[in-house]
Amino acid sequence: MKLKVDDITADAREITFAEPEQDINRVLEQGPVHEYRLKEPVEVELSYYRSGMDLLLSGRIKARIAADCARCAEECETASDRPFRLVLSPKVVGYGEETDLKADDLEFSLYEGDEIDLSPLIREQILLALPTRPLCQEDCRGLCPRCGANLNRVQCDCRTEWLDPRLDVLRTIKLQRS
Ligand SMILES: [Zn+2]
Ligand SMILES: [Zn+2]
């Protein structure tokens, strides 16, 4: 999605658009957290206006993010709904140093040329929204290390064997012999 700088006026405008997921997925695949992917376009609500040479963008980015659980490898999905605010100043040497728009809750960036490409901004927000490690649920029990059963769904037999103290003794003996 691109905005023409000339179309951004002092009157705030609101638009909603869908950002295609393909480019974002390409970035996700190449990035450090490649277990994430999007299955549908990202929904963006954007409002924008100009204040002098600065462009002010704000809105929400909504995405459904799919991933393989780090413990049980089941596919899981999280919904992300992230607000953003951004000030863009023209890339001119010396400009923007004394602007009073640099409040703490605003992200600050520069623009160049007569178009604003929103796609990199959206990709960045999606990356920021990702949990460091995908889990299907906070207390996912993972897979049984012996039989590979998904312990969220079944209680396999290995588990009881494992806890049987008599078998523990047998294992110790075996270890001592070898
Ligand atoms: Zn899991
Ligand atoms: Zn098992």
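As a reminder, the structure under discussion sits directly above these lines.
Please read these numbers as outputs of a predicted model, since none were measured by experiment.

A. Quick peek at the overall build of the protein. Along the backbone of the protein there are four helices and eight strands. The helix and strand sequence of the protein, counted from the amino end, reads β-β-α-β-β-β-β-β-β-α-α-α. When each of the 178 residues of the protein is scored for burial, the buried share is 33%. Contacts in the protein between residues far apart in sequence, at least 24 positions, make up 57% of those at least 6 positions apart. Taken as a whole, the protein presents about 11,700 Å² of accessible surface, with 49% of it coming from carbon and sulfur.

B. Here's a closer look at the packing of helix 1 (residues 21-30) against helix 2 (residues 119-129). Between helix 1 and helix 2, the shortest axis-to-axis distance is 10 Å and the interhelical angle comes to 50 degrees. Comparing the axis directions of helix 1 and helix 2 gives the class oblique. Considering only the axes of helix 1 and helix 2, their crossing is right-handed. Seen from helix 1, the contacting residues are Asp-23, Ile-24, Val-27 and Leu-28; seen from helix 2, they are Ile-122, Arg-123, Ile-126 and Leu-127. Its residues assigned to classes, the contact of helix 1 with helix 2 shows six nonpolar, no polar and two charged.

C. Layout of the pattern of salt bridges. Applying the stated rule across the entire model yields 10 salt bridges. Residues joined in a network through salt bridges with shared partners are Arg-37, Lys-39, Asp-68 and Glu-75.

D. Structural detail: the coordination of the zinc ion (ligand 2). Each protein donor to the zinc ion (ligand 2) is listed here as Cys-144 (SG), Cys-147 (SG), Cys-156 (SG) and Cys-158 (SG); together their distances run 2.2 to 2.3 Å. The site at the zinc ion (ligand 2) holds four donor atoms, and with the angles between them running 106 to 113 degrees, its shape is tetrahedral. Residue Cys-156 is classed as buried on the basis of its relative accessible area of 10%.

E. The layout of surface pockets, seen in detail. Reported here for the largest pocket is a volume of approximately 170 Å³. Looking at the largest pocket, it is lined by 15 residues, and the ones nearest its centre are Phe-84, Leu-86, Leu-121, Ile-122 and Gln-125. When grouped by side-chain class, the residues that make up the lining of the largest pocket number 10 nonpolar, two polar and three charged.

F. Here's a closer look at the coordination of the zinc ion (ligand 1). Bound to the zinc ion (ligand 1) on the protein side are Cys-69 (SG), Cys-72 (SG), Cys-136 (SG) and Cys-140 (SG), at distances that span 2.3 Å. Taken together, the four donor atoms surrounding the zinc ion (ligand 1) define angles of 104 to 115 degrees at the centre, an arrangement classified as tetrahedral. Donor residues for the zinc ion (ligand 1) sit on one chain with the sequence pattern C-x2-C-x63-C-x3-C. Of the two residues, Cys-69 is situated in the loop between strand 5 (54-68) and strand 6 (75-90) and Cys-140 in the loop between helix 2 and helix 3 (157-163); the sequence distance between them amounts to 71 residues. In this pair, the class of Cys-69 matches that of Cys-140, namely buried.

G. Structural detail: the pairing of strand 4 (residues 42-51). Pairing analysis gives seven bridges linking strand 2 (residues 13-19) to strand 4, with the strands arranged antiparallel. Within strand 4, the position partnered with Phe-17 by the bridge is Val-44. By the bridge criterion, nine bridges tie strand 4 to strand 5 in an arrangement that is antiparallel. By the bridge assignment, Leu-46 is partnered in strand 5 with Gly-59. Where strand 4 folds back onto strand 5 in an antiparallel hairpin, the turn is made up of two residues, including Gly-52, whose phi is positive at roughly 65 degrees.

H. Local environment of helix 2. What helix 2 keeps buried is the set Ser-119, Leu-121, Ile-122, Gln-125 and Ile-126. When helix 2 is viewed along its axis, its buried side chains cluster within an angular range of 160 degrees and face the same direction.

I. Examining the nonpolar core more closely. Within the largest apolar cluster, 28 residues are counted, with the highest numbers of intra-cluster contacts made by Leu-3, Val-42, Leu-46, Leu-57, Ile-116, Leu-118 and Ile-122. Contributions of two or more residues to this core are made by helix 1, strand 3 (36-38), strand 4, strand 5, strand 6 and helix 2. Here this core gets six residues from one element, more than from any other, and that element is strand 5. Beyond its immediate stretch of four places on either side in the chain, Ile-122 contacts Phe-17, Glu-19, Ile-24, Val-42, Val-44 and Ile-61.

Conventions we followed
Residues numbered from 1 in each chain as written. Chains lettered and ligands numbered in written order. Predicted model: local features only at pLDDT ≥ 70, side-chain atom pairs only at ≥ 80, totals over all residues. Heavy atoms only, no water. Helix = DSSP H or I, 4+ residues; strand = E, 2+ residues; numbered from the N terminus. Buried < 20%, exposed > 50% of the residue type's maximum accessible area, 1.4 Å probe, protein only. Contact = heavy atoms within 4.5 Å. Areas by Shrake-Rupley, 256 points an atom, 1.4 Å probe, with all protein chains shown as cover. Axes fitted to C-alpha atoms, helices over the stretch in contact; angles between N-to-C directions. Parallel < 35°, antiparallel > 145°, perpendicular 65-115°, else oblique. Left-handed = near helix turned anticlockwise from the far one by under 90°. Nonpolar A, V, L, I, M, F, W, Y, C, P; charged D, E, K, R; others polar. Salt bridge = Lys/Arg side-chain N within 4 Å of Asp/Glu carboxyl O. Donors = N, O, S within 2.8 Å, 3.2 Å for Na, K, Ca; no water. Tetrahedral: all angles 85-135°; square planar, octahedral: opposite > 155°, others 65-115°. 1 Å grid on protein atoms, 1.4 Å probe; cavity = no way out; pocket = protein on both sides within 12 Å on 5 of 7 lines; lining within 4 Å. Points joined across faces, edges and corners; volume = space filled by probe spheres on them. Pairing = 2+ DSSP bridges. Arc of directions from axis to C-beta. Core = buried A, V, L, I, M, F, W, Y, C linked by side-chain atoms within 4.5 Å.

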